[in-house]
Structures are given as C-alpha cells and as structure tokens.
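An overview of the molecular structure
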Amino acid sequence: MEIVMTSVTEKKERTGKAQTTLLLKLANPFAAFGRGVINIINDLGAAAVFLLLAFIKIFHPKQLPKIIQQVYFIGARSVTIVILVGLFTGMVLGLQSYYALVKFGAEGALGTLVALSLIRELGPVLTALMITARAGSAITAEIGILRISEQIDALYTMQIDPVRFLVSPRIMASLISFPLLTAIFDLIGILGGYLSGVVLLGVNAGTYYYRVQSSVEMKDITDGFIKAIVFAVIVSMISCFQGYFAHMRKESHGAKAVGYATTSAVVLSSVLVLVSDYIVTSLLL
Amino acid sequence: MTAPLIEFRNVSKRFGSLTVLDRITLQIYEAEATTIIGLSGSGKSVLLKHIIGLLKPDEGEILYKGKALSELDKSEMSNYYAQISYMFQGNALFDSMTVYDNIALPLVEKTRLKKKEINRRVMARIEQSELIDAAEKYPSELSGGMQKRVALARALVTDPKIVLFDEPTTGQDPVRKNIILSMIAEYQRKFGFTAIMVSHAIPDVYFISNRILALYDHKIVFQGTPEELEDFEHPFKEEVIHSLEGLKEELTGLYSRRQFKIRYYNELKRKPFQEPYVIAVFSILDLELLSEHFGHETVQVMIRCMGRYIDDHFGSAGGFSNRYGTNEFVTMLPYSDLAEAEEILNNFVEDIQNRGVRDICEMTQEQPSFEDGFTLIVMAGLEQGQQDTTIDAVVNSARNNIREIARLRFGKSEAGNEKISS
C-alpha cells in the first residue's frame, strides 16, 4: 500500500498541496468543507488499512521476542502507575460512595457499588488513559523520531517491513497488556475501597466482601475485558499511526512534528477511549 | 561495450513545482565504483533513492539488467531489492540498539542463519571495521567516524551485490575521509560489488572511482572516467569541480591535480626551450596488505607522511608535487637535470630512512603493534622531460624507470632499514 511506504522526501509534495488548500478554502467554503470531509475519510481509511496490515503481520515468525519486549515496556512498566491510580481511585470511590449511601442507610452496599463501578467502567477506562499517557506517548515519540531520522527508511532499504517490525509487536503487546492491567486496576481499586470504607469509615468488612462477591458476575468481568481490548486497539493504533506518519504533518517539520504527533496521539486516544466506551457500553448492556 | 547493470532512461522527478531530476539518462556498470558528483541540492541523493526504491520517477524508466523495474513481478522485485544495500548520509543507525545489534539486524530479520553463523559474520565485519571495543556501545556513545564505520559494516554484512553510499565522508577530517574511502575501495575490490557513491570529496574520490557521473542543472552532463573528466570542458567544471577541489589536497597538503597541471604548464612557458626538467614518480607498495595488518588509519598516516617528506625535500629545490593515485606521488623539478634530481633523491632516501619510521609511529594515534614487523617498500622513478612532451608521457616514462629505493622496517628492531643503492 502506497501510504505505508512513503519516505521522508515525499513530504514536500504535501506541503505544496497544503498551501493551495488554504487559498481554496477562502474562495469556496463549500468546496473547502467537502475537501475537509474527504481528507478525514481519507485519513480514516489510511488508518484502517494501516491497522489491518499491522494486525495481519503480527502472525509472522520472529515476532515473539519483540512482542515480549513490548509487553514489558507497555505492560510491566505500567504496573506501578496502574496500582497507584487504582488504589486512589478505589479509595476516593469508597469515600464518596459511603457518604452518598449512608443518607439512605445503604452503606452496606458499598462493596457492590465500588466493585461494579470499577469492573464495568473505571477500571478499563482509567487503565487505558494511564497507559495512553505513559506508553502511548512514548510509542508515538519513538516511532516519530525513527521516522525523521531515516531509521524507518533504513529498515525499508534492508527489506525489513517497518510495519511488521515496529507496529505489529506494539499492537499485540497492547492486546495482552491492557486486560491484564485492567484486572490489576480492578483488584487494587476494590482494595482501595476497602481501605477507605472499612478501615477508615467503619463499614463491616464481611459485608463489604460479601457484597463484592455476590454482585459481580462473570459478564461484568468479560465486558470490562472487552472494553480493555477495544481500548488497546484504539490506543496502540493511534499512537503508532501518529508516529509513523509524523513526517507528513502539514503544519510542522522535524522534532516539532514529532511533538505535535505525540500530543495528537494522546488527545485523540483519550477522546476515542471515552467515545468508544459509551458505544461499547450501549452495545453490551 | 558491456551492458549496464542499472540504467536510467529519461527519468524525471518533481516535488510540487520543483524539478529535481530532468530527463536523466545514465548507465552504471557491474563491479565498478561509480561516483555521482554535483552541487549541494542538485538531486544526487534523490537520484540514489530512486535506485533503492525509496522514490519512484514521475517520468522515464529505471532498468535493471535491461528490464524495467516497473515490469518486474513481485518476486523479481524482491530479489532486486535484496541485492542492494544503502549507507545513509546521516548513518540512520538504530540508536536503541548496540553496535553489534545494529550490524546483526539485517541477518537476524531477513535470513534463517543460526545464531552462531550470524555471530561469526558480524564479528568479522566488526573486526574489519576496527570496532571491537565499541561492539557493546550505543551509537550515541560513538564518535562520528565510528558511526560511519558501523553504518558501513551494516551495509556490507549481507554481502550485497550493489551498495549505495550517500555522502559517506561528510563531516570527517581529511585522514578519516580517506580512511572511509579506502575502506570502501578495498571492500569493493575484495568482494566485487557494484558501488554507487554520492560524494563531495573531490579529488579523493577520483582515486577509488572507475566512473564519474556529473549532475548539473538537474541533468547528467558527464559520464566517464576520472581521467576523461580532466579533459571535459563545461561550466560544471568551473562551478563544481574547481570550487570543491581547492588548491591543495587535504590529506597530504600537496597540490591538487588541477593546480599541479596548471603550475606545470606555467613553468614550461617560463623556461627557455630545450632546457630540461625532471619528473619523479614515487609509489608505496603493498598498502592493502598494510591496511589488513595495521588498519586504514595507519595507511593514511603513512601516505600523509610520505607526501610531507616529498614536499619538504623536493620543494626546497623548487619542485612541487601532487598525489597522482592512491599510493602514487608525482613531483616536477623544473630547474633540475637528471643528475641533480638523483642527488636530491639520495638525500630524500637517507632522511626517510633516518626519521621516517619514527615520525610515522608518532603520528599514528592508535599506536599499532608492529611486534611481528612489517617492511614498507618505497619505489621511485625519474625521467627527464622536454617541453614538447606531454606530462602524461613523461610520467609514464618515469613509471617505466621505477625501482626500489628504500625499505622501511617497522618492528622490534629498526636496524633493518635498508637503503637501496641507485
């Protein structure tokens, strides 16, 4: 596919086209709007093709060591931040929920509220946002720098498919890491709720655990993992795509382009995580 | 005439409204070293990237062994690209990998070789490139020259048939520049690959190139040997060659070939008719053997040292010199006859015997170990010329008279230095 084979020197053509586009926007707003829509659809199509190619190339010999390496980078090195955020999310959820429930004399339901909120929603979403901030930005920056320093071109000249070498392992590693980290988040979050609800606020421990155990069903956990997998695809694909095509940004070049690409990756991933959360939730419920 | 390996037929490339290549037609032949020269921004790297497939032409065709690249099927195209290696101007080393991993990467990813075999091949390249101490370092921890050697080792580790070099000596000092060029030349001769180089290093590239392609005003204006380029009259020469060449050769400080010839003809004009002059030709034997034993830097230091000795001795007698080839120097003595030239030569030999070995060892920063000993053989030939003979004819006659004049012994005992009587 042409879009995935572009090299640094092709950027010059796009810059020329960007200048022409501005003049046309002023002259004919309807044409400009139409062109904008076409560009968005074009980019979405390119992203879809990019994702499809990257996914197919996961199943290639010699990928395993790279996938393991990325699982370590994306997954293992995110454990600390996930634990930290999970703990305090659980604690604040326990705290807020207690004061809401106690008005109705229903503080015994604290365990249910904390567990279901975390497992169904907060766990997958906050985990995805944390990994976006930590690993997603790093992926975009790393691939972007590889692009502007011609290292991706060097891979191409060595007949090494850059998408297979760089992107596929990261997508696979995300598919493995996101659900696992979500599970860790959920568990630590439930523990956090215990700390604030039971230890600090005096809710009965037995009641707390009984409520957690009885209210959580397998479907809740599965739905949470499905969300985690959807978020994994979104975050990894956007991060890799933004970095891979950082050199084709119209408004900047070089290191600045990598900076913009990183920012775009984080913002776009975060927004799409939240949007897709609603869509997936409405489909699953 | 042999069929070209790679051929461009009316290839044009534009970026927006900017035409970079305008109906380029050129031929590159197998197992030759071809250098593309031109001003900065003239499209040399763009031309190179068309060969490797990073860019596609807007017009025209690129042919490989007579067949257009656009007509090759997928497996033929894959075979074509598999034979090509590229050395980037900025090296493009993977900065998160060590030197070893960088060089091993093409073998690990593209071959089914066992780990032991990959290690053997990579270590062979590392040793050839004098990178043993740097094997576990990262590119950011290396000097620019070492990074170039890593990039060169990586480009050659797959034993490619065609190697593209994009400005391999950019940013290097004269010694390092010649080291890199001599390494490229040595590997090209040894492994027989087709080398295509983009370079500004004039006249150094003349020593290692079989053919020169000159890119000027988006077109190829010259294709031929470095010797044919000397007789080529075109604004390109004034604008590009003369501005890049400079007055003196960077490594030895001797005249560039052009300046040497200009001065040669000026001296002849000044001299009364029939008054003789002498041309001396010097050469150093077995430089390749020396570089294998003691490294390319040692060889470049020896060449520099020899150039300085020649200039010192013959310059004081009104002579001037030029590095004519990789291991050859030519000196003109405009005011001497053959007898006087012989006397100056004897003094030169005595001086180089007494001080040459010591000076070379001092100048060689890496202090190579000469424990096993090595003998450097210096040859020289003299010929008296007349005004009505061309310089090339006199130089060739001097070459025919060449004889051994000194042996410099490097090793435990320098007592073995020999002076050969004339």
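Model, not experiment: these values are computed from the prediction. (Residues numbered from 1 in each chain as written. Chains lettered and ligands numbered in written order. Predicted model: local features only at pLDDT ≥ 70, side-chain atom pairs only at ≥ 80, totals over all residues.)

1. Structural notes on the domain arrangement of chain A
Residue and element names in this part refer to chain A. Domain annotation for chain A reports domain 1 (23-56) and domain 2 (62-284). Computed from C-alpha atoms alone, the centre-to-centre distance between domain 1 and domain 2 is 28 Å. Each side of the interface is counted separately: domain 1 has six residues, and domain 2 has six residues. (Domains from an automatic or database assignment. Contact = placed C-beta atoms within 7 Å.)

2. Considerations on the sheet that holds strand E1 (residues 6-15) of chain B
Pairing between sheet strands relies on hydrogen bonds along the backbone, with the strands arranged either parallel or antiparallel. Taken in spatial order, the four strands line up as E2-E1-E4-E5 (chain B) in an open sheet, and their pairing is antiparallel. Where the open sheet ends on each side, the last strands, each with one partner, are strand E2 (18-28) and strand E5 (67-68) of chain B. (Pairing = 2+ DSSP bridges. Helix = DSSP H or I, 4+ residues; strand = E, 2+ residues; numbered from the N terminus.)

3. What about the nonpolar core?
Counting residues in hydrophobic clusters, the biggest one holds 176 residues, and the most contacted among them are Met87, Val163, Leu164, Ile279, Ala280 and Leu345 of chain B. The leading source of residues in this core is helix H5 (residues 110-148) of chain A, at 16 residues. Those residues within four positions of leucine 164 of chain B in sequence are excluded, and the remaining contacts are Leu48, Ile51, Ile52, Ile84, Tyr86, Met87 and Ile196 of chain B. (Core = buried A, V, L, I, M, F, W, Y, C linked by C-beta atoms within 7 Å. Buried ≥ 20, exposed ≤ 12 C-beta atoms within 10 Å, placed from the backbone.)

4. Notes on the interface of chain A and chain B
Chain A puts 16 residues into the contact, and the matching count from chain B is 18 residues. Among the elements of the structure, helix H1 (11-27) and helix H6 (151-157) of chain A are those that each provide at least two residues to the side of chain A that touches chain B. The element best represented in the side of chain A that touches chain B is H6 of chain A, accounting for five residues. For the side of chain A that touches chain B, the class distribution of residues is four nonpolar, seven polar and five charged. (Nonpolar A, V, L, I, M, F, W, Y, C, P; charged D, E, K, R; others polar.)

5. Considering the domain arrangement of chain B
All names here are of chain B. By the assigned domains, chain B splits into domain 1 (6-245) and domain 2 (257-419). Once you take the C-alpha centre of each, domain 1 and domain 2 turn out to be 32 Å apart. For the side of domain 1 that touches domain 2, the elements supplying multiple residues, two or more each, are helix H6 (174-191) and helix H8 (235-245). Examining the composition of the side of domain 1 that touches domain 2, we find that six residues originate from one element, H6, more than from any other. Split into classes, the residues belonging to the side of domain 1 that touches domain 2 amount to five nonpolar, three polar and three charged.

6. Brief notes about the pairing of strand E10 (residues 219-224) of chain B
Residues and elements named next belong to chain B. Two strands pair when backbone bridges link them, and strand E9 (residues 211-216) and E10 are joined in this way by five bridges, in the antiparallel orientation. Looking at the pairing, isoleucine 212 lines up with glycine 224 of E10. Counting the residues in the hairpin turn of E9 and E10 gives two residues, including aspartate 217, whose phi is positive at 55°.

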